[in-house]
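# A structural walkthrough
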Amino acid sequence: MPELAIDGGAPVRSKMLPYGRQWVDDDDIEAVTRVLRSDWKDDKAYPYIKLTLQEDFPRLVMTRRVKRDGARYFGPYPSGIGLGRFLRFIKRLFPLRSCHYHIEEGKPIPSRFIRACLYYHIGQCSAPCEGRVTKRDYRHTVQSAEQFVHGDFSGVVTRLEEQMGKAAREMLYEQAA
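This section reports on the structure supplied with the text. The structure presented is a predicted model; accordingly, all values stated were derived computationally and were not measured. Per chain, residue numbering runs from 1 following the sequence as it is written. Where local features are concerned, this predicted model is filtered to residues with pLDDT of at least 70; where side-chain atom pairs are given and counted, the filter is 80 or more; whole-chain, interface and lining totals use all residues. Values shown for side chains rest on all heavy atoms present in the structure; no hydrogens or waters enter the calculation.

### Considerations on the packing of aromatic side chains
- A pair of Phe, Tyr and Trp rings is counted when the ring centres sit within 6.5 Å of each other, with Trp represented by its six-membered ring. The angle between the planes then sorts it: under 30 degrees is stacked, over 60 is edge-to-face, the rest tilted. By the definition in use, this model includes five aromatic pairs.
- Each ring, one from Phe89 and one from Phe148, has its centre 6.0 Å from the other, and the planes form 45°; the classification is tilted. Here Phe89 is found in helix α2 (residues 80-93), whereas its partner Phe148 is found in helix α4 (residues 135-150), with 59 residues between them in sequence.
- Between Phe148 and Phe153, the aromatic rings sit 5.0 Å apart at their centres with planes inclined by 70°, giving edge-to-face as the arrangement. Every helix listed is a DSSP run of H or I at least four residues long, and every strand listed is a run of E at least two residues long, numbered separately from the N terminus.

Right, dumping it as structure tokens:
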């Protein structure tokens, strides 16, 4: 590698760039790599799954902050994109609410303010906002989802097999698939 004397001082190692045919010393390269290294970091924490157990009708949401708020956290997960896909898959299996409304049992939100969302109509929400599910039944669904997130798939597999068998006996083959 060629060395050049600059300002009559100590020699500085330099490199010839293949495209620009310019001389660049190591200090310039270090300055550029320092900037690039800082761009690799996104200043985010790892994503977690938050189960809001402090609410009457809990939700499963993705969060990057773990707080001591009575919720149960699962994680950390390495990828936010992968976690989003996993949460969409869970919401297909378990009809949990995804809205941010404050819902209490016995006090459904009046229909002039809200109606059942699209997720209810496609079977991905049990509509506790309209009082269409009891707190006990909803908690059972939450416990099943919690077991699934925790890694216990046996209860979910048996439940799905029962639903598939029932749909096949009733000749609802599309639903059974």
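### Points about the layout of surface pockets
- Here the largest pocket defines a volume of roughly 220 Å³.
- Put plainly, a pocket is an open set of points on a 1 Å grid over the protein atoms alone with protein on both sides within 12 Å along at least five of seven lines, a cavity is a set where a 1.4 Å probe fits but cannot get out, and a lining residue has an atom within 4 Å of a point. In terms of lining residues, the largest pocket is bounded by 10 residues, among which Gln163, Met164, Ala167, Gln175 and Ala176 are the most central.
- If you list the elements that add at least two residues to the lining of the largest pocket, you get α5 (154-169) and α6 (173-176).
- If one sorts the elements of the lining of the largest pocket by residue count, α5 sits on top with five residues. Grid points are joined across faces, edges and corners, and a volume is the space filled by probe spheres set on the points.

### Focus on a nonpolar patch on the surface
- On the surface, a nonpolar cluster with roughly 340 Å² of combined accessible area is contributed by Leu118, Tyr119 and Ile122.
- Position of Ile122 relative to the elements: it lies in the loop between α3 (118-121) and α4.
- Here the term buried applies to any residue with accessible area under 20% of the maximum for its type, exposed to any over 50%, and partly exposed to those in between, with areas from a 1.4 Å probe on protein chains only. When its relative accessible area of 52% is taken as the criterion, Ile122 is described as exposed. Here the term patch refers to residues with relative accessible area over 30% and no salt bridge, with like charges joined within 9 Å and nonpolar side chains (Val, Leu, Ile, Met, Phe, Trp, Tyr) within 5 Å. Only the protein chains shown count as cover for residues, with accessible areas throughout obtained via the Shrake-Rupley method and a probe of 1.4 Å. Definition used for salt bridges: Asp or Glu carboxyl oxygen within 4 Å of a side-chain nitrogen of Lys or Arg.

### A closer look at α5
- Here α5 is 16 residues long and its end C-alpha atoms lie 23 Å apart, about the 22 Å a rise of 1.5 Å per residue gives.
- Immediately downstream of α5, the backbone of Met171 shows phi near 60°, a positive value. To estimate how far a helix should reach, multiply one less than its number of residues by 1.5 Å.

### Re the side chain of Thr63
- One can find Thr63 in strand β5 (residues 60-63).
- What makes Thr63 buried here is its relative accessible area of 17%.
- Pairs of N or O atoms within 3.5 Å make up the polar contacts considered here, provided that, within protein, one atom can donate a hydrogen while the other can accept it, and that residues adjacent in sequence are counted only when both atoms are side-chain atoms. Here the side chain of Thr63 touches Arg65 through a polar contact of 3.3 Å, landing on its backbone nitrogen.
- Note on definitions: a residue-residue contact is assigned when non-hydrogen atoms from the two residues lie within 4.5 Å. In this view, Thr63 contacts Tyr46, Pro47, Tyr48, Lys50 and Tyr73; residues no more than four positions away in its chain are not counted.

### Considering α4
- Given a rise of 1.5 Å per residue, 16 residues ought to cover 22 Å, and the 22 Å separating the end C-alpha atoms of α4 matches this to within 8%.
- Looking at α4, one finds that the buried residues are Tyr138, Thr141, Val142, Ser144, Ala145, Glu146, Phe148 and Val149.
- Next to the buried residues of α4 lie β4 (48-51), β5, β6 (72-74), α2 and α5.
- Phi for Gly151, located one or two positions after α4, is positive at around 110°.

### Some words on unusual backbone geometry
- Going from Gly75 to Pro76, the amide bond is cis rather than trans, its omega being 10°.
- Its place among the elements puts Pro76 in the loop between β6 and α2.

### Some words on the sheet that holds β6
- Sheet architecture is open: three strands sit in the order β5-β4-β6, paired in antiparallel fashion. A single partner strand is all that each edge strand has here, and the edge strands are β5 and β6. Geometrically, the sheet is characterised by an average inter-axis angle of 30° between neighbouring strands, direction not taken into account.
- A pair of strands counts as paired when DSSP detects no fewer than two bridges linking them. The sheet contact formed by β4 and β6 spans three bridges and is antiparallel. Considered in β6, the bridge of Leu51 is made with Arg72.
- The strands touched by α2 within the sheet are β4 and β5, with β5 carrying the most contacts at an inclination of about 175°.
- With respect to the sheet, α4 is in contact with β4, β5 and β6, its orientation differing from that of β6 by roughly 35°. Here, axes are lines fitted to C-alpha atoms. For helices the fit covers the stretch in contact, and angles between N-to-C directions go from 0 to 180 degrees.

### Observations concerning the nonpolar core
- Grouping buried Ala, Val, Leu, Ile, Met, Phe, Trp, Tyr and Cys residues that are joined through side-chain atoms within 4.5 Å yields what is termed a nonpolar core. By size, the foremost hydrophobic cluster in this structure holds 22 residues, and its most contacted members are Ile49, Leu60, Ile90, Phe94, Leu96, Tyr138 and Phe148.
- Of all the secondary-structure elements, those providing two or more residues to this core are β4, α2 and α4.
- The element that contributes the greatest number of residues to this core is α4, accounting for five residues.

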